[in-house]
Amino acid sequence: MHVRYSYLPQQFAKIDDLLTELGQLARSGDFTLGAPVAQFEKRFAELIGTRHAIGVGSGTDALKLPLAALGIGPGDEVITAANTFIATAGAIHEVGARPVFVDCDDTFCMDVAQVQGAITDKTKAIMPVHFTGYMTEMEPLMQIARRADLPVIEDACQAILADINGQRAGTFGRAAGFSLHPLKNLNVWGDAGVIVTDDDELDRKLRLLRNHGMTNRDEIACFGYNSRLDSVHAVVGNWLVGQTEAIAQTRIAHATRYDAAFAEIPQIRLPPRPPGRRRVYHLYMIFAENRDELLATCQAAGIEAKIHYPIPLYQQVGLRSLGYRAGDFPVADRHAKEIITFPCDQHLSTAELDHVIETVRAFYSRAA
Ligand SMILES: *Cc1c(COP(=O)(O)O)cnc(C)c1O
């Protein structure tokens, strides 16, 4: 049995109605910042529960533009998580600021207890990452940020509809960035992202920044970027956005099935699963003994298991200029050796999930 990682061919197998809408768009010529974008922004803001949603060119830009709007740039530091996708640190770097890492804990998010110690005179913002769809402990983090008078920009790219005691990812900080990349829980047909905020002034600035700083066709208020959400993607987004809650629920059900089975295997350790936290399993990631052999066994059994990530970000060659050294973030280092990610998306069948479970079980009973 082949348990694939990418479900895009299945997700977009039946799209006659979507193609009709795209045909209408093509004939209307409404390709930039038109009606589908405004409609998608309205529906996205309603979904998350914020006053504003601003469509932009990528999830990376959904992190970069809020930093730029807050005036963060060269000489400034932004605190973020040591284990994240490169785009988080990349967005900070793109505005000219320096990413300052804080180690994570076994939830895969930044260890909030270490944030205070990372704050310096140069710190201008904190960017927690809700990695895998598991949220950073936002209540204590917001307390630290308030005391230090620092804005928080949430990297919610993997965490659409995750929450803490009912409060959604993206509603804690001054702003939050979401990605609509094809492999994210709510996805479109290429690069796209959304920023959410309750701050009217920030909303106004972000709308300028994403469109060259243009107030209208003839007037420029400031330097900006070319980072609009394309109408084509907005049409796809509008077609899918109503499914986001069902997607989250199915992923949670699949993770629950995995958890129940893996809890019985002594060589597997689940991350903490505290109550009152809704995790949306963009990645279903657990700790495994003898990880490399398990990975090879799964791959030989047709399961596209993955490692997120085999090299901790701070140890990457491309980030050497930050001056970190091997061993600076021991938890991120340990995770790189112990973690494994299994497919957990909404298109998997029970038989496919059970093939993963049986393969893992057989691997460890053979090893015993
Ligand atoms: C995907 C992702 C991003 C960036 O999104 P793009 O849309 O690919 O630019 C940023 N942070 C995290 C944690 C991500 O997973």
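K.L.:
Is there a simple way to explain the overall build of the protein chain in this structure?
P.N.:
Looking only at helices and strands, the protein chain features twelve helices and 13 strands. Radius of gyration (C-alpha) of the protein chain: 21 Å, near the 21 Å computed for a compact globule of 368 residues. Dimensions of the protein chain, computed from the C-alpha atoms along their principal axes, are close to 70 × 55 × 40 Å. Across the 368 residues of the protein chain, 57% fall into the buried class. Split by element, the accessible area of the protein chain, about 15400 Å² in all, is 52% carbon and sulfur. Computed over 36 positive and 44 negative side-chain charges, the inter-centroid distance for the protein chain is 1 Å.

K.L.:
Please clarify how the domain arrangement of the protein chain should be interpreted in this entry.
P.N.:
Where interface size is quoted, it is often the accessible area lost as the parts come together. Split by domain assignment, the protein chain resolves into domain 1 (8-241) and domain 2 (244-367). Each partner contributes to the interface: domain 1 provides 39 residues, whereas domain 2 provides 36 residues. For the pairing of domain 1 and domain 2, the buried interface totals around 3300 Å² over both sides, and the portion due to carbon and sulfur atoms is 56%. For Arg277, the salt bridge identified is with Glu137, shortest N-O distance 2.9 Å. On the surface where domain 1 and domain 2 come into contact, there are 20 residue pairs in polar contact (both at pLDDT 80 or more). For the side of domain 1 that touches domain 2, the secondary structure elements donating two or more residues are helix H1 (8-11), helix H5 (86-94), strand E3 (98-102) and strand E6 (163-164). Here the side of domain 1 that touches domain 2 gets five residues from one element, more than from any other, and that element is E3. Residue classes in the side of domain 1 that touches domain 2 are distributed as 22 nonpolar, ten polar and seven charged.

K.L.:
How should I be thinking about the pattern of salt bridges in this particular structure?
P.N.:
Pairs can form between side chains of opposite charge once their charged atoms are near each other. Per the stated rule, a full pass over the model turns up 22 salt bridges. Linking Glu41 and Arg207 is a salt bridge whose minimum nitrogen-to-oxygen distance equals 3.2 Å. A residue pair is termed long-range when its members are at least 10 positions apart, and Glu41 in helix H3 (residues 35-48) and Arg207 in helix H7 (residues 200-209) qualify at 166 residues. Overall, the relative accessible area of 8% leaves Glu41 in the buried class. Asp76 serves as the salt-bridge partner of Lys124, at 3.1 Å between the closest nitrogen and oxygen. Separated by 48 residues along the polypeptide, Lys124 in strand E4 (residues 123-127) and Asp76 in the loop between helix H4 (59-69) and strand E2 (77-81) bring together distant segments of the chain. By relative accessible area, Lys124 is classed as partly exposed at 35%. Judged by its relative accessible area of 12%, Asp76 falls in the buried class.

K.L.:
Would you explain the layout of surface pockets in this entry?
P.N.:
When its volume is computed, the largest pocket comes out at roughly 580 Å³. Of all the elements in the fold, those that place two or more residues in the lining of the largest pocket are H4 and H5. Residue composition of the lining of the largest pocket, by class: 17 nonpolar, ten polar and six charged. Each of domain 1 (8-241) and domain 2 (244-367) gives at least three residues to the lining of the largest pocket.

K.L.:
Which parts of the structure should I look at to understand the nonpolar core?
P.N.:
Note on soluble globular proteins: their nonpolar side chains tend to be buried together. By size, the foremost hydrophobic cluster in this structure holds 101 residues, and its most contacted members are Phe44, Phe101, Phe262, Leu294 and Phe342. Both domain 1 (8-241) and domain 2 (244-367) contribute no fewer than three residues apiece to this core. Apart from the residues within four sequence positions on either side, Phe262 is in contact with Ile268, Leu270, Tyr284, Ile286, Phe342, Val356, Ile357 and Val360.

K.L.:
In this structure, what is going on with the environment of Pro128? I would like to understand it.
P.N.:
Looking at where Pro128 falls in the secondary structure, it is placed in the loop between E4 and helix H6 (138-148). Under the relative-accessibility criterion, Pro128 is labelled buried at 0%. Along the chain, Pro128 and Ala176 lie 48 residues apart, while their C-alpha atoms are 9.7 Å from each other.

K.L.:
Teacher, can you tell me more about the packing of aromatic side chains here?
P.N.:
The description of an aromatic ring pair uses the distance of the two centres, along with the angle that the planes make with each other. In total, this model carries 19 aromatic pairs according to the counting rule given. Both rings, one in Phe12 and one in Trp189, keep their centres 5.6 Å apart while their planes meet at 90°; by these two values the pair is edge-to-face. In this pair, Phe12 sits in the loop between H1 and helix H2 (16-28) while Trp189 sits in the loop between strand E8 (175-179) and strand E9 (193-197), placing the two residues 177 residues apart along the sequence. Through a chain of ring-to-ring contacts, three or more aromatic side chains come together here, namely Tyr258, Phe262, Tyr281, Tyr284 and Phe342. The side chain of Arg98 reaches across the aromatic face of Tyr324, ending 5.9 Å from its centre. Over the ring of Tyr134 we find Arg279; its NZ or CZ atom is 5.3 Å from the centre of that ring.

K.L.:
Explanation requested: the sheet that holds E9 in the structure shown.
P.N.:
Backbone hydrogen bonds are what pair the strands of a sheet, in a parallel or an antiparallel way. On the basis of which strands lie adjacent, the open sheet formed by four strands has the order E1-E9-E8-E5 and mixed pairing. Edge positions in the sheet fall to strand E1 (52-56) and strand E5 (153-155), since each has one partner strand and no second. The mean angle between the axes of side-by-side strands here comes to 20°, regardless of whether they run parallel or antiparallel. As defined by bridge partners, E5 adjoins E8 across three bridges and the pair is classed as parallel. Across the sheet, residue Glu154 finds its bridge partner in E8, namely Ala176. Against the sheet, H4 engages E1, E5, E8 and E9, with an angle of about 160° to E8.

Parameters and conventions
Residues numbered from 1 in each chain as written. Predicted model: local features only at pLDDT ≥ 70, side-chain atom pairs only at ≥ 80, totals over all residues. Heavy atoms only, no water. Helix = DSSP H or I, 4+ residues; strand = E, 2+ residues; numbered from the N terminus. Rg over C-alpha atoms; globule rule 2.2 N^0.38 Å. Buried < 20%, exposed > 50% of the residue type's maximum accessible area, 1.4 Å probe, protein only. Areas by Shrake-Rupley, 256 points an atom, 1.4 Å probe, with all protein chains shown as cover. Lys, Arg positive; Asp, Glu negative; His and termini not counted. Charge placed at Lys NZ, Arg CZ, Asp CG, Glu CD. Domains from an automatic or database assignment. Contact = heavy atoms within 4.5 Å. Buried area = accessible area lost by both parts, 1.4 Å probe. Salt bridge = Lys/Arg side-chain N within 4 Å of Asp/Glu carboxyl O. Polar contact = N/O pair within 3.5 Å; in protein donor to acceptor, adjacent residues only side chain to side chain. Nonpolar A, V, L, I, M, F, W, Y, C, P; charged D, E, K, R; others polar. 1 Å grid on protein atoms, 1.4 Å probe; cavity = no way out; pocket = protein on both sides within 12 Å on 5 of 7 lines; lining within 4 Å. Points joined across faces, edges and corners; volume = space filled by probe spheres on them. Core = buried A, V, L, I, M, F, W, Y, C linked by side-chain atoms within 4.5 Å. Phe/Tyr/Trp six-rings, centres within 6.5 Å; stacked < 30°, edge-to-face > 60°. Lys NZ or Arg CZ within 6 Å of the ring centre and 35° of its normal. Pairing = 2+ DSSP bridges. Axes fitted to C-alpha atoms, helices over the stretch in contact; angles between N-to-C directions.

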